[in-house]
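What follows is the residue order along each chain.
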Amino acid sequence: MQTYTPLEHRPGDTPQLYDIDGGLVTQNANGKVVRLNSSQQVTAVAPVPIEAEERYAFRAVFRRATNSPDPSDDAIACGIDWLAADKTVLSSTTVNTILNFSVANGRREVRTSVVAEADGPSSVVAPIGARYAIPWVRTFGINHATDVEVCSLERLPFVSLPVARTFYVTMDGKDLNEGSSLTAPLASIAEGLARAAALALPAIVIVQPGEYIVPPDTVIPANCTLYGYDLRVTKLSLPPGQEVNNMFQMSNGIKARGFTFANLRHEPYTLAGGPPQKGWAFVFKPGELLTRSPYIADCSQLHGFTQDQMALPIDKAAGNPLMPRGGGNLLADGSVLAPSSPLRSVVVDSFTAINPNGVGYAVTRNAFVQLVSVFTNWARVGLWAHDGGQITVANSNNTFGDYALAATGFRNTVQIEGLADTGVLATHTAAANTLTAQTEAIITALMGTRYPTLAGFNGLSDRDKAFTERDTRTLLRSLINDLRSGQDRGAQSFAKGLFDWNANYAFSVALVPLFLATWEQVRLELVDRITNNAAQAMITAMIGLISDVIMRPQDYRVGFASVIEATGQQFSYAGSGVNYNALPFSQRGTGRAPDPASTLLKTGGGRIYATFSTEVGDTYLGEDLRVDFERNTIEGQAFSRGVQNIALPLIIGLGA
């Protein structure tokens, strides 16, 4: 066959290679095309051999030049005919059908990958016995004008092979593409994440260099990795006018790496009221249950302020009212997660915030974040633990800004010492095995027989009954684990899971009597199924402990302060301000570094345990004890008291 190079896939340029079914060769803005005006089909004449272990790309490009007067019968389809070894037709696959296709839809391109039988992954798999294939494009209806520009099926080179559980995003991609190779990439990060979510399996979305718009509150699905090519060349922003929003919601086990986030903005907030809720690159997905911490690495945030804005007057005490607010890297709010979530943590490595008058990191309400090599620049607050949040940070830096570290407020938590009578605890493997083997029978007996006898149970909604079964299974697993281990930690964990971040009930208080009654039914059902008296006594004691915590939560509530633990922190003119006015004279500015203690904010019981160095080389162990390397001295009240406590007995003993 004569070779027509790339033109062989264009029916308008090579009509001799196609059956154009009465269509006319014409020309539009994209070159020569075949124009169809009724129910017609453009079909390749030469079959394409379909070979094992090879991959093929199907591509069709078309547009409507004139609409049909009857849009109800105005569809267009494209697909592949499969031929046997003797080239008789086996079957046909429709790759895509577009209904109500019109001029307004513009130029439409359909791409997908094709493989021989059982050679997936691919969108289209050839049927058994198919040895050849023919691509086609078909129109329906009458009195329209439809231009077919491309109709092709060709073998892919190795570099174009689709990659399982991988989706590529490029600036010139299309969200209609398959997305699993760089020859058919997607155009948007949101579509890549949606494709990954649809798999319901661990997957990766790889974003090539460019600038991308991300809708607010885009969910990174569980166990999905979102990788940018490199933070210097892969930039993400919220849609214009929507900067006061959060960009990504983190699910269980996700990882994000290699991006620069731009133009995020916090809504108004105060130090007394706590961190802002909007303007963050990352937040938790509401209701998520975490068993594996989200992980963020190798990212940065850049502000979009002008040089004039970066020179506006600053006023630390008043919250810099003349300076616009920047955005933040991460808000970890434990209160939005599922009450039963065993983890409320995030791991962060190498994430820089250049966010004038913003908050770098905020960790609140029973959340815990580990930070390594993070940097904040010009932030109103660099690292902020609030309402009982916890932060550990190592080898990091706060440059300029108002407050380097802030720990404000506390939360209540449930503290359970365990069973008063520890003598009842013992290992009961046989009883645990019995209950494990009978789990489904136990659930059936409880949900179908015992619970319906309780006042109020039958009035529960189907949703609440589903929750009841879920919680019953959780309780049963906890008790079985305790029987195996000879401990009561499963019972304690179950009881704690019934409270929110501030040690309040995570359910309506009106349900307390029903909860207590269901647990008694669980106890009766379990002790009826095992014969070991000691195991029965242990089950009774553990359910009694759970019931006591729920009946008398006030006896188990204790306060837990917001805490920051910082090791090897570097302060570079920390506290000097939130814009260019903070620059020191050595950098053509007028800023001055204040007393480092003034950059540590502690209110409402918050605690900061920090070792840090300053721009003049001093090293602090806490706020008071300072090692002055320039003068070779150690100073501070704590040091003086320590020396006095050692020296005074010696002085007295020597009679000096």
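See the structure shown above.
Below is a summary of the structure that appears in this document. (Residues numbered from 1 in each chain as written. Predicted model: local features only at pLDDT ≥ 70, side-chain atom pairs only at ≥ 80, totals over all residues. Heavy atoms only, no water.)

## Thoughts on the overall build of the protein
Summing up its helical and strand segments, the protein has 8 helices and 40 strands in all. Compactness check: the protein gives a C-alpha radius of gyration of 33 Å against a globular reference of 26 Å for 656 residues, more than 25% above the reference. Principal-axis analysis of the C-alpha atoms places the extent of the protein at approximately 115 × 80 × 45 Å. Residues classed as buried in the protein amount to 49% of the 656 residues present. The contacts of the protein with a sequence gap of at least 6 include a subset with a gap of at least 24, amounting to 67%. Element-wise, carbon and sulfur atoms account for 53% of the exposed surface of the protein, whose accessible area totals about 29,300 Å². For the protein, the separation between the mean place of its 51 positive charges and that of its 59 negative charges on side chains is 2 Å. (Helix = DSSP H or I, 4+ residues; strand = E, 2+ residues; numbered from the N terminus. Rg over C-alpha atoms; globule rule 2.2 N^0.38 Å. Buried < 20%, exposed > 50% of the residue type's maximum accessible area, 1.4 Å probe, protein only. Contact = heavy atoms within 4.5 Å. Areas by Shrake-Rupley, 256 points an atom, 1.4 Å probe, with all protein chains shown as cover. Lys, Arg positive; Asp, Glu negative; His and termini not counted. Charge placed at Lys NZ, Arg CZ, Asp CG, Glu CD.)

## Considering the pattern of salt bridges
Per the counting criterion, the structure on display carries 22 salt bridges. We note a salt bridge from Arg473 to Glu469, for which the minimum N-O separation is 3.2 Å. Linking Arg473 with Glu469, this pair stays in helix H4 (residues 462-485), spanning 4 residues, or about one helical turn. Three or more residues joined by partner-sharing salt bridges are found here, namely Arg10, Asp13, Arg107 and Glu149. (Salt bridge = Lys/Arg side-chain N within 4 Å of Asp/Glu carboxyl O.)

## Comments concerning the packing of aromatic side chains
Taken as a whole and judged by the stated rule, the model has 20 aromatic pairs. The interplanar angle of 50° and the centroid separation of 5.9 Å between the aromatic rings of Phe261 and Phe351 together place this pair among those described as tilted. Placement of the pair is Phe261 in strand E21 (residues 260-262) and Phe351 in strand E25 (residues 345-354), with a sequence separation of 90 residues. What links up through ring pairs into an aromatic cluster is the set Phe248, Phe259, Phe261, Phe282, Phe351 and Tyr361. Over the ring of Tyr132 we find Lys87; its NZ or CZ atom is 4.9 Å from the centre of that ring. Residue placement shows Arg138 over the ring face of Trp136; its charged tip is 4.0 Å from the ring centre. (Phe/Tyr/Trp six-rings, centres within 6.5 Å; stacked < 30°, edge-to-face > 60°. Lys NZ or Arg CZ within 6 Å of the ring centre and 35° of its normal.)

## Quick notes on helix H5 (residues 489-496)
Looking only at H5, the buried set comprises Gly490, Ala491, Gln492, Phe494 and Ala495. Where the residues of H5 are buried, they touch H4, helix H6 (512-529) and helix H7 (533-551).

## Points about the sheet that holds strand E9 (residues 108-115)
Taken in spatial order, the 6 strands of this open sheet run E2-E3-E12-E6-E9-E10, and their pairing is mixed. The outermost strands of the open sheet, each flanked by one partner alone, are strand E2 (24-28) and strand E10 (124-125). Both strand E3 (residues 31-36) and strand E12 (residues 145-155) contribute to a ladder of 3 bridges, which runs antiparallel. The residue of E12 that forms the bridge with Arg35 is Asp147. (Pairing = 2+ DSSP bridges.)

## Overview of the pairing of E3
Two elements, E2 and E3, share 5 bridges in a ladder whose sense is antiparallel. Paired with Gln27 across the strands is Lys32, a residue of E3. Hairpin connection, E2 to E3: the antiparallel pair is bridged by 2 residues.

## Some points on unusual backbone geometry
Despite not being glycine, Asn366 shows a phi value in the positive range, around 75°. By the secondary structure assignment, Asn366 is in the loop between strand E26 (359-364) and strand E27 (368-372). Unusually for a residue other than glycine, Phe400 sits at a positive phi of about 55°. Residue position: Phe400 is located in the loop between strand E31 (397-399) and strand E32 (403-408). In this structure Phe400 comes out as buried when scored by relative accessible area, which is 9%.

## Description of the nonpolar core
If you look at the biggest cluster of nonpolar residues, it comprises 58 residues, and the most contacted ones within it are Ile189, Phe248, Phe261, Phe282, Val348 and Leu405. In contact with Leu405, other than residues within four places in its own chain, are Leu383, Asn398, Ile564, Ala566, Gln569, Phe571, Thr599, Leu600, Leu601, Ile608 and Ala610. In this structure, Val424, Phe457, Leu498 and Met542 belong to the second largest nonpolar core, which totals 44 residues. (Core = buried A, V, L, I, M, F, W, Y, C linked by side-chain atoms within 4.5 Å.)

## Looking at the sheet that holds strand E22 (residues 280-284)
The parallel open sheet is built from 8 strands, whose spatial order is E16-E19-E22-E24-E26-E29-E32-E36. The two strands at the open ends of the sheet, each matched to only one other strand, are strand E16 (218-220) and strand E36 (600-603). Strand-to-strand, the axes of this sheet are offset by a mean angle of 15°, without reference to chain direction. (Axes fitted to C-alpha atoms, helices over the stretch in contact; angles between N-to-C directions.)

## Remarks on the state of the cysteines
Enumeration over the complete set of coordinates arrives at 0 disulfides. Here Cys151 is not cross-linked by a disulfide; its sulfur's nearest cysteine counterpart is in Cys78, at 8.2 Å. Among the cysteines around Cys224, which has no disulfide bond, Cys299 carries the closest sulfur, lying 14 Å off. (Disulfide = S-S within 2.5 Å.)

## Remarks on the environment of Thr26
Topologically, Thr26 is positioned in strand E2. What Thr26 contacts, discounting residues up to four positions off in sequence, is Gly31, Lys32, Val33, Arg35 and Asp147.

## Looking at the side chain of Asn357
Counting through the fold element by element, Asn357 comes out in the loop between E25 and E26. Residues contacting Asn357, with those up to four places away along its chain left out, are Tyr269, Gly319, Asn320, Met323, Pro324, Arg325, Gly326, Trp378, Ala379, Arg380 and Val578.

## Notes on the packing of H6 against H7
Across the interface, H6 lies against H7 with an axial gap of 10 Å and an inter-helix angle of 175°. By the criterion of interaxial angle, the relationship of H6 to H7 is roughly antiparallel. Mapping the contact onto sequence places Val512, Leu516, Trp519, Val522, Arg523, Leu526 and Val527 in H6 and Gln536, Ile539, Thr540, Ile543, Ile546, Ser547, Ile550 and Met551 in H7. A breakdown of the residues in the contact of H6 with H7 according to their chemical character gives 11 nonpolar, 3 polar and 1 charged. (Parallel < 35°, antiparallel > 145°, perpendicular 65-115°, else oblique. Nonpolar A, V, L, I, M, F, W, Y, C, P; charged D, E, K, R; others polar.)

## Re H7
With 19 residues, H7 should cover 27 Å at 1.5 Å per step; its first-to-last C-alpha distance of 26 Å lies within 8% of that length. Looking only at H7, the buried set comprises Ala535, Met538, Ile539, Met542, Ile543, Leu545, Ile546, Ser547, Asp548, Val549 and Ile550. In this fold, the buried residues of H7 make contact with strand E33 (410-414), helix H2 (429-437), H4, H5 and H6. Looking at where H7 begins, the residue whose side-chain oxygen comes 2.8 Å from the main-chain nitrogen of Ala534 is Asn532. (Expected span 1.5 Å × (residues − 1). Polar contact = N/O pair within 3.5 Å; in protein donor to acceptor, adjacent residues only side chain to side chain.)

## Structural notes on the environment of Ala104
Along the chain, Ala104 falls in the loop between strand E8 (89-98) and E9. When its relative accessible area of 75% is taken as the criterion, Ala104 is described as exposed. Spatially, the C-alpha atom of Ala104 lies 9.9 Å from that of Thr66, the residues being 38 residues apart in sequence.

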